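Reading the structure
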Amino acid sequence: MQAAFNRQLVARKALKSDIHAFLRGYFGINANSKYIPKDFKNKEEVRVSVTEKFNGRMTALNLQYEDLFK
């Protein structure tokens, strides 16, 4: 059981890292920042892009995109 948990934890960390790299490269967003600038108008575009690109991996890890800046 512990081995499965560790594998999932490593996979989740890798997914998070890949999403951060994608956001930095494609949108110029520092995903490690606690705040996204208030003038950022493409939140829906970010959501769609992230879910399109990473939905398979997110589903496999039982994760959903959650907009924390509603």
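Residues numbered from 1 in each chain as written. Predicted model: local features only at pLDDT ≥ 70, side-chain atom pairs only at ≥ 80, totals over all residues. Heavy atoms only, no water.

1. Observations concerning the nonpolar core
- In terms of nonpolar packing, the biggest core is built from 11 residues, these being L15, I19, F22, L23, F27, I29, V46, V50, F54, M58 and L61.
- Taken together, the elements giving at least two residues each to this core come down to α1 (2-27) and α2 (43-60).
- The element best represented in this core is α1, accounting for five residues. (Core = buried A, V, L, I, M, F, W, Y, C linked by side-chain atoms within 4.5 Å. Buried < 20%, exposed > 50% of the residue type's maximum accessible area, 1.4 Å probe, protein only. Helix = DSSP H or I, 4+ residues; strand = E, 2+ residues; numbered from the N terminus.)

2. Describing the side chain of S49
- Note on placement: S49 falls in helix α2.
- A relative accessible area of 14% places S49 in the buried class.
- When near neighbours in sequence (up to four residues on either side) are disregarded, S49 contacts F22, Y26 and F27. (Contact = heavy atoms within 4.5 Å.)

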